[in-house]
Amino acid sequence: MKSEVALGLENAGWPVLLVNSSGAILRANPAAVKAFGSTLEGEMPLSAIWASENGPMAEQFILKWDTSP
């Protein structure tokens, strides 16, 4: 991701998470920390905040995302 895009998302008013292909949350903007709590300040799995209402498990979502254009 280009650094200017990442910087723009850092200042977004909505929660933004940077997640790697293994499903680990690498970065969270301030809105995400406000929404999900300070636990996002360290590297953690996406599954730790994934709601069951989202449908497939976080890991399945990441696998599907990796294979989608």
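Just so we're clear, the structure is a prediction, and the values are computed from it rather than from any experiment.

S.K.: Help me out: how do you make sense of the pairing of strand β2 (residues 24-28) in this one?
M.R.: Every regular strand shows the same layout, with side chains that alternate between the two sheet faces. Pairing of strand β1 (residues 17-19) with β2 involves three bridges; the strand directions are antiparallel. Bridge assignment links Val 19 to a residue of β2, and that residue is Ile 25. Once β1 ends, the chain turns through four residues before running back antiparallel as β2, passing Gly 23 with a positive phi of about 90°. Pairing of β2 with strand β3 (residues 44-45) involves two bridges; the strand directions are antiparallel. When the bridges of β3 are listed, Ala 24 appears paired with Pro 45.

S.K.: In this structure, what is going on with the pattern of salt bridges? I would like to understand it.
M.R.: Any two side chains of opposite charge can pair, given that their charged atoms come close. For the structure shown, the criterion picks out one salt bridge. With a closest N to O distance of 3.2 Å, Glu 10 and Arg 27 form a salt bridge. In this pair, Glu 10 is assigned in helix α1 (residues 3-10) and Arg 27 in strand β2, connecting sequence segments 17 residues apart. The exposure class of Glu 10 is partly exposed, given its relative accessible area of 23%.

S.K.: Explanation requested: the layout of surface pockets in the structure shown.
M.R.: Any space left empty among the atoms is revealed by the rolling of a water-sized probe across them. The computed volume of the largest pocket comes to approximately 350 Å³. If you go around the largest pocket, you meet 14 residues; those closest to its centre are Leu 17, Val 19, Leu 46, Phe 61 and Ile 62.

S.K.: Any chance you could explain the packing of aromatic side chains here in plain terms?
M.R.: Ring pairs (aromatic) are described by centroid distance and by the angle formed between their planes. Taken as a whole, this structure holds one aromatic pair when the rule is applied. Summarising the aromatic geometry, the rings of Trp 50 and Phe 61 are spaced 5.2 Å apart at their centres and angled 40° between planes, so their arrangement reads as tilted. One end of the pair, Trp 50, is in the loop between β3 and α3 (58-67); the other, Phe 61, is in helix α3, with 11 residues separating them in the sequence.

Parameters at a glance
Residues numbered from 1 in each chain as written. Predicted model: local features only at pLDDT ≥ 70, side-chain atom pairs only at ≥ 80, totals over all residues. Heavy atoms only, no water. Pairing = 2+ DSSP bridges. Helix = DSSP H or I, 4+ residues; strand = E, 2+ residues; numbered from the N terminus. Salt bridge = Lys/Arg side-chain N within 4 Å of Asp/Glu carboxyl O. Buried < 20%, exposed > 50% of the residue type's maximum accessible area, 1.4 Å probe, protein only. 1 Å grid on protein atoms, 1.4 Å probe; cavity = no way out; pocket = protein on both sides within 12 Å on 5 of 7 lines; lining within 4 Å. Points joined across faces, edges and corners; volume = space filled by probe spheres on them. Phe/Tyr/Trp six-rings, centres within 6.5 Å; stacked < 30°, edge-to-face > 60°.

In short, the description is geometric, and any link to function would need to be established separately.
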